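Each chain, letter by letter, is given below.
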Amino acid sequence: MNFSTFCRLSALPIILSLPAFVLPSTVLAQQVSSLLSGPDSTPNLLSSDAQEKDDLLNVDAQQGFDDWKAGIKERFGLDFGIDYNVLGYTASSSLGERKSASGAFRLFGTWDLVNREGPNTGSLIFKFENRHAFTTVPPTGFGGELGYAGLNSSVFSDQGWRATHLYWQQEFAQGRGVAYIGWLDVTDFVDVYALASPWTGFSNIAFQTGSGTIGGLPDGALGAMAGGFLTDNIYASAGIADANADPTDPISGFDTLFDQGETFKSLEIGWTSGAEALFVNNAHLTFWQIDARQQAGTPGGHGIAFSYTHVLGDAWLPFIRGGWADDGGSLYEAAVSAGFGYTRQPGRNLLGVGLNWSRPNDTTFGPNLRDQYTLEVFQQWQLTEGLELTPSVQIIKNPALNPNKDTVALFGLRFRASF
């Protein structure tokens with residue numbers, strides 16, 4: 001298995017199709033399916049976890065459980081997974097707390113309820129989580145303790161129970177097209193690439209969606225998106241979602257979306273060498289706009305993000321990404337990230353290295369702040385079929401909110417158990 005195959009199995013990008021008459025025949029032959037999405041979309045996460053891993057210890061203690069789940073899927077059309085994740089940090093220096101840790105329990109699945117045996121299947125997609133802190137400050141808020149203008153982690157918080165995904169997916173045109181609507185996570189389909197997952201890839205948002213330059217990024221948000229291939233190599237997608245979404249109270253989305261009407265919109269156009277390599281050999285531009293949010297007190301804004309990745313030698317995945325923002329509550333006015341992923345034994349280990357330059361948003365953090373530089377290095381090990389361990393280090397040069405410190409080091413350890 002080469003690096004390109006590994007990335008496809010990890011991210012398993014599935015292209016949300018347009019009606020069949022606009023899609024090229026070669027794309028149709030590949031059964032374009034439901035989502036233009038990254039590794040953390042629920043269907044992709046299930047597919048990735050189902051893949052047999054070349055684990056270090058050669059241990060599969062959950063084969064019986066996997067067989068039981070497969071039987072449920074065959075009988076009832078319900079495919080589900082469970083995982084538990086932990087992230088801990090220790091900082092070399094801090095303005096306040098020097099340690100931070102959080103855990104997250106997730107239950108996720110797809111339930112084929114309409115025309116399960118046919119091509120035009122209707123499915124309920126869900127992901128429920130409990131995110132809880134073990135320390136006074138969770139990793140999502142740890143940047144402020146370091147004087148860092150940014151997010152060292154974008155998901156390990158203390159929000160409690162939340163609904164990240166809860167939407168209906170309906171395939172049509174003999175399985176070559178799909179429509180879905182409901183509570184979505186826009187980071188599943190906005191500016192995605194193979195190493196973007198905060199659960200299994202880079203932790204710092206500077207190496208994730210928009211490189212920190214996209215404002216809002218709602219999840220658990222009422223919305224919809226659509227996309228597909230315009231030619232064999234050119235694709236496009238568009239989405240709209242409630243900008244005031246609260247995933248801990250999803251029902252309130254009806255009030256915030258329809259009463260306030262403040263939304264996040266995205267439009268992406270990209271090139272790929274082929275549908276199966278969409279987020280491996282890929283170049284794309286993402287345009288976004290977010291309305292001013294009256295209750296949150298954040299201004300409206302817009303911007304653009306770019307990304308380029310291409311596999312080299314079956315082992316290297318270099319990338320260059322970045323973006324620019326005109327306000328919108330973004331972390332950064334401008335940012336550029338470059339780095340690579342490397343693996344010689346796909347499914348067993350993955351090395352990620354990224355370097356970011358960022359200019360903090362004056363509206364978000366205040367004026368006249370110095371530019372920041374962030375280096376992140378992580379090494380993911382697949383210990384057994386269901387256990388991952390990922391040590392990491394982040395080096396922050398010129399933390400913008402701590403002018404008395406030139407460099408801060410952040411040492412992290414992430415663990416994931418999936419079932």
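Shown above is the structure to which this text applies.
Here the residue numbering is sequential within each chain, running from 1 through the sequence in written order. Only residues with pLDDT of at least 70 get local features here, since the model is predicted, and only at 80 or more are side-chain atom pairs given and counted; chain-wide, interface and lining totals rely on the full set of residues. The basis for every side-chain value is the complete set of heavy atoms in the structure, and neither hydrogens nor water enter the calculation.

## Focus on the overall build of the protein
Alright, step 1. Helix and strand counts for the protein come out as 7 helices and 16 strands.
Alright, step 2. In terms of C-alpha radius of gyration, the protein reaches 20 Å, essentially the compact-globule figure of 22 Å for 419 residues.
Alright, step 3. Projected onto the principal axes, the alpha-carbon positions of the protein cover approximately 65 × 50 × 40 Å.
Alright, step 4. Exposure categories follow from relative accessible area, calculated using a 1.4 Å probe and restricted to protein chains: below 20% of the type maximum is buried, above 50% is exposed, and the middle band is partly exposed. In the protein, which comprises 419 residues, the share counted as buried stands at 55%.
Alright, step 5. In the protein, of all internal contacts separated by at least 6 residues, the share reaching a separation of at least 24 is 65%.
Alright, step 6. The Shrake-Rupley method, run with a 1.4 Å probe sphere, supplies the accessible areas, and residue values consider only the shown protein chains as cover. Carbon and sulfur atoms make up 59% of the accessible area of the protein, which totals about 16,300 Å². Under the scheme used here, helices are H or I runs from DSSP no shorter than 4 residues and strands are E runs no shorter than 2 residues, and both carry numbers assigned from the N terminus. In this treatment the radius of gyration is a C-alpha quantity, and the globule benchmark scales as 2.2 Å times the residue count to the 0.38 power. Here, residues are in contact when the closest pair of their heavy atoms is within 4.5 Å.

## Details of the pattern of salt bridges
Alright, step 1. Any Lys or Arg side-chain nitrogen found within 4 Å of a carboxyl oxygen on Asp or Glu counts as a salt bridge. Counting across every chain of the model gives 12 salt bridges.
Alright, step 2. R348 serves as the salt-bridge partner of D54, at 3.2 Å between the closest nitrogen and oxygen. Residue D54 is found in the loop between α3 (42–50) and α4 (63–76), and its partner R348 is found in the loop between β12 (332–342) and β13 (349–360); the two are separated by 294 residues along the sequence.
Alright, step 3. Measuring nitrogen to oxygen at the nearest pair gives 3.6 Å for the salt bridge that ties D371 to R359. Of this pair, D371 sits in the loop between α7 (362–365) and β14 (372–382) while R359 is found in strand β13, placing the two residues 12 residues apart along the sequence.
Alright, step 4. Through salt bridges that share partners, D49, D83, R106, E388 and R416 make up one connected network.

## Considering the pairing of strand β3 (residues 122–133)
Alright, step 1. Taken together, the 12 bridges between strand β2 (residues 99–114) and β3 define a ladder with antiparallel strand orientation. Residue pairing for β3: S102 is matched across the bridge by A133.
Alright, step 2. Should DSSP find at least two bridges between two strands, the strands are taken to pair. As judged from the 10 bridges shared by β3 and strand β4 (residues 160–172), these two strands associate in the antiparallel manner. Counterpart to F126 in the pairing with β4 is L166.

## As for the environment of R370
Alright, step 1. Inspection of the secondary structure assignment puts R370 in the loop between α7 and β14.
Alright, step 2. Residue classification places R370 among the partly exposed residues on the basis of a relative accessible area of 24%.
Alright, step 3. With residues up to four places along the chain from it excluded, the contact list for R370 reads P360, N398, P399, A400, N402, P403, K405 and D406.
Alright, step 4. A polar side-chain atom of R370 sits 3.4 Å from the main-chain carbonyl oxygen of P399. Any N or O atom pair separated by 3.5 Å or less is treated as a polar contact, with the protein-specific requirement of one donor-capable and one acceptor-capable atom, and with residues adjacent in sequence counted only for side-chain atom pairs.

## Some thoughts on the packing of aromatic side chains
Alright, step 1. Side-chain rings of Phe, Tyr and Trp (the six-membered ring for Trp) are treated as a pair once their centres are within 6.5 Å; stacked means planes under 30 degrees apart, edge-to-face means over 60, and tilted covers the remaining angles. Taken as a whole and judged by the stated rule, the model has 17 aromatic pairs.
Alright, step 2. What links up through ring pairs into an aromatic cluster is the set Y193, F202, F207, F319 and F378.
Alright, step 3. Between R106 and the ring centre of W199, over which it is positioned, the NZ or CZ distance is 4.2 Å. By the criterion adopted, a ring carries a charge over it if an Arg CZ or a Lys NZ lies within 6 Å of its centre and within 35 degrees of its normal.

## A closer look at unusual backbone geometry
As a rule of thumb, non-glycine residues mostly have phi less than zero, and peptide bonds are mostly trans rather than cis.
Alright, step 1. Look at N58: it is not a glycine, yet its phi comes out positive at around 55°.
Alright, step 2. Along the chain, N58 turns up in the loop between α3 and α4.
Alright, step 3. Backbone geometry at D191 places phi at a positive 50°, although glycine is not the residue there.
Alright, step 4. For D191, the location among the structural elements is in the loop between β5 (177–184) and β6 (221–229).
Alright, step 5. Assessed through its relative accessible area of 0%, D191 is described here as buried.

## Things to note about the environment of Q51
Alright, step 1. Secondary-structure assignment places Q51 in the loop between α3 and α4.
Alright, step 2. Residues Q51 and E385 lie 334 residues apart in sequence; the distance between their C-alpha atoms is 9.0 Å.

## A word on α4
Alright, step 1. Look at α4: 20 Å from first C-alpha to last across 14 residues, which is about the 20 Å you get at 1.5 Å a residue.
Alright, step 2. Immediately downstream of α4, the backbone of G77 shows phi near 80°, a positive value. Multiplying 1.5 Å by the helix residue count minus one yields the expected span of that helix.

## What to know about the pairing of strand β15 (residues 387–397)
Alright, step 1. On β15, burial follows the alternation: E388, T390, S392, Q394 and I396 on one face are buried, whereas L387, L389, P391, V393, I395 and K397 on the facing-out side are not.
Alright, step 2. Bridge analysis of β14 against β15 gives 8 bridges, and the strand direction is antiparallel. Within β15, the residue paired with Y373 across the bridge is K397.
Alright, step 3. Joining the antiparallel neighbours β14 and β15 is a turn of 4 residues.
Alright, step 4. As judged from the 11 bridges shared by β15 and strand β16 (residues 407–418), these two strands associate in the antiparallel manner. In the strand pairing of β16, E388 is matched with R416.

## Quick word on the environment of N361
Alright, step 1. Inspection of the secondary structure puts N361 in the loop between β13 and α7.
Alright, step 2. Along the chain, N361 and D242 lie 119 residues apart, while their C-alpha atoms are 23 Å from each other.
Alright, step 3. Here the side chain of N361 touches S330 through a polar contact of 3.0 Å, side chain to side chain.

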